[in-house]
Each structure stands twice: as C-alpha cells, then as structure tokens.
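# Structural overview
These are the residues of each chain, in order.
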Amino acid sequence: MIEDKNQQRTPLSELGEFGLIDHLTKNFEINHSSTIKGIGDDAAVLNFENKKIVVTTDLLVEGVHFDLSYMPLKHLGYKAVVVNLSDVYAMNAKATQITVSIAVSNRFPLEALEDIYAGIETAAKIYDIDVVGGDTTSSNTGLLISITAIGVVENEVYRSGAKPNDLLVVTGDLGGAFMGLQVLEREKEVYKVNPNNQPDLEPYTYIIERQLKPEARKDIIKLLKDLDVKPTAMIDISDGLSSEIIHLCKQSNVGCDLYEEKIPLDPQVISTCEEFNVDSTTVALNGGEDYELLFTVSQADFPKIQANPNFSVIGYMKEANEGMHLVTRGESKIPIKAQGWKNFND
C-alpha cells in the first residue's frame, strides 16, 4: 500500500496513440486459427467456420469497480479479463479472443499502462485467448477499462432452461471476494491515519486473492463435458448469489428452495465474518464478485456430480407459483431478495 516514489514515469505524449498501442501490444501472440487478423488494422478478422459465436462486454471504472489505493495495476488488468471470460463460460462456451479499450488521465505514465497490459497478457496466456484489438483514449475522470470477449459454443446454455425439480448447483465457495474487500477497505482507513503502519494481511491471503485476482471457471466447462452433464440453465456469480438465483428463476419461470446449510463457505470467510461481526450467509447471498458458476441440472445427472468436490448442490427448482425461498438452518423459509451489487444506486 506504500507507493514507490522513485518509479520511472514516461509521459504517454512521448509515444502518441499508435506508438502507445504498438508498445503495449507488441508481446501479444496469436494462438487460435480462427484469428485471421489481429491488432494492426481497422478491424480484426475472425473465421469461425459456421460455429456459433458468443460476445460479451464489461466496463470497469475507477472509483466504482476498483480502488487503486490497494488494487495493483497488474492485478487490475488480469481481473478485467477474467470478469469477461466468466460470462463466456456461463454460456457453456470456449473463450477465444478479446479486445481491450482503455481511457486514462494524464496522471498515468507509460509504466502504469505497461503494468495493466502485463496483467492482460498473463490472463491471455493462462486462459488461452488472443488479444485482437481495442482502443486507447484520454479521460478526465481517471481510469476506465472496457473488454469485449468472444467465444465459440456448440451446446449453449441460457438462463432460461431450468425446470421444476432440477437441482441447483454452485461451483467453489462464496463470499470470499466480498470479505477480502472488507479487509482491504479497513486497512486503507488505518493507512490514512498512520501511513507508517504495515498491515498484516497473512491471515486473509485467500479472501484478498479472491478480490484482487479472481479466476474464471474455465475448468468447469471442460469438466461438465467430460462428465457428460449439460446444465439446463447457467449464470456466473458476479452480483451475489441471491441476485443470480432470481435471474435464473425469472428467466426460466420457476421457483426455488435454497438451503442455507448447503451454501459452501471457506473457513477463512467464516472466521473473517466473525471478526467483522457480519452474518456469513448474508455475505454469501449478497457479496458478489466470486465469479463462480451457478447452474441447474436434471436430477438424472445427480450421480455424475455428487462426489465431485468442485460442485455443491444447494437447492432445487420448484413451480413458479411456489416462490423463491431460503430454507434456514432452523427450517424456516425466508423469501429471497436481491441485495447484491446494483449499478446506478442513489
């Protein structure tokens, strides 16, 4: 959290727009045969040979989606890619290309953008995607990153295919990203009071990584294919479990019973919730930014997933007129309400 005051700072004006693009993208490699032409022309040229294509875009804005007082720029570049790829995987698709557009104010030198693009490059290598274009421009309001992800899909999965009696399944565990953010915000306030204070973040390693360097569940798409399981509906968990369940139910015209005792929580999430005196179930329902996958499967597929540690069956779908409920540990039923991330809050 302490900034190195002796960093080299190269003004972006020394390179110009095209020189900047050439400089930042010189290390990107082309790995997919579907990429005919990448960076360097008026548009990318892609050839998918009659395959179905998925396209998704996300915009990250400084002060709204990230805080540079504790978000390293390389991590930011990595996370910006991951949050887009998560939407591709939520369609049961394979991500193949991205475009990257960035707006920066003059407080950012070349070296800052190099760090962002290093994170983008790392994500591109890990997730096997080609960077095929984008844009750079100036900003009067800080840093903005917009990424468009492109993928191919054979058996797409929508939010609208869930049926009554389908099982509700989630990957990984929930609430970590939100609690990691709480720790970082707390340490930021401490740092404001005493800049010489060095925070001890060792007890929170997992949840801080969930916030600063999340991973999209590319592995789950392959795993489901290997298990011969096709979800009936699927969505990624970016805005909180409760919000995503409501999206699935409304799009599929079904109800749901979600069992509190079945929601997967990491021990570090539980202990940090106790430290902050917040309810872990509330955090899992409303925290957001976990980028796990939430999906439904027919009960006939249950034997294929029941012993797999990547999956937790957390409920089942019901008729729409039965509503959406959280079944508590005390076996009472509480209506599920969306209290996760909302854009354009008052």
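Coordinates for the structure precede this section.
Cut-offs used in this document
- Residues numbered from 1 in each chain as written.
- Predicted model: local features only at pLDDT ≥ 70, side-chain atom pairs only at ≥ 80, totals over all residues.
- Heavy atoms only, no water.
- Helix = DSSP H or I, 4+ residues; strand = E, 2+ residues; numbered from the N terminus.
- Buried < 20%, exposed > 50% of the residue type's maximum accessible area, 1.4 Å probe, protein only.
- Arc of directions from axis to C-beta.
- Contact = heavy atoms within 4.5 Å.
- Pairing = 2+ DSSP bridges.
- Axes fitted to C-alpha atoms, helices over the stretch in contact; angles between N-to-C directions.

So, on to unusual backbone geometry. Located in the positive-phi region is N277, a residue other than glycine, with phi close to 60°. Along the chain, the position of N277 falls in the loop between α8 (267–276) and α9 (280–286). Overall, N277 belongs to the exposed group, its relative accessible area being 70%. Its identity as a non-glycine residue notwithstanding, E331 has a phi of 70°, on the positive side. Locating E331 in the fold gives a position in the loop between β12 (324–327) and β13 (333–335).

Moving on, we get to α8. Q268, V269, T272 and C273 are the residues of α8 that are buried. Considered in projection along α8, the buried side chains sweep an arc of 135° and stay on one side of the axis. Away from its buried face by more than 90 degrees, α8 exposes P267 and E274. Next to the buried residues of α8 lie α4 (176–193), α5 (205–212) and α9. Of the residues trailing α8, N277 is marked for its positive phi of about 60°.

Below, the discussion takes up the environment of D228. On the secondary structure map, D228 appears in the loop between α6 (218–226) and β8 (233–236). The spatial distance from the C-alpha of D228 to the C-alpha of I305 is 10.0 Å, given a sequence separation of 77 residues. Setting aside anything within four residues of it in sequence, one finds D228 in contact with D301 and K304.

Attention now moves to the sheet that holds strand β7 (residues 167–171). Through backbone hydrogen bonds, the strands of a sheet pair up, either in parallel or in antiparallel fashion. Taken together, the 7 strands give an open sheet; going across it, the order is β8-β10-β7-β11-β9-β12-β13, and neighbouring strands pair in mixed fashion. Two strands close off the open sheet at either side, each with one partner strand: β8 and β13. Going across the sheet, the axis of each strand differs from the next one's by a mean of 25°, ignoring polarity. Where β8 and strand β10 (residues 293–297) come together, 4 bridges link them in antiparallel fashion.

Function cannot be inferred from these measures alone, as they are strictly geometric.
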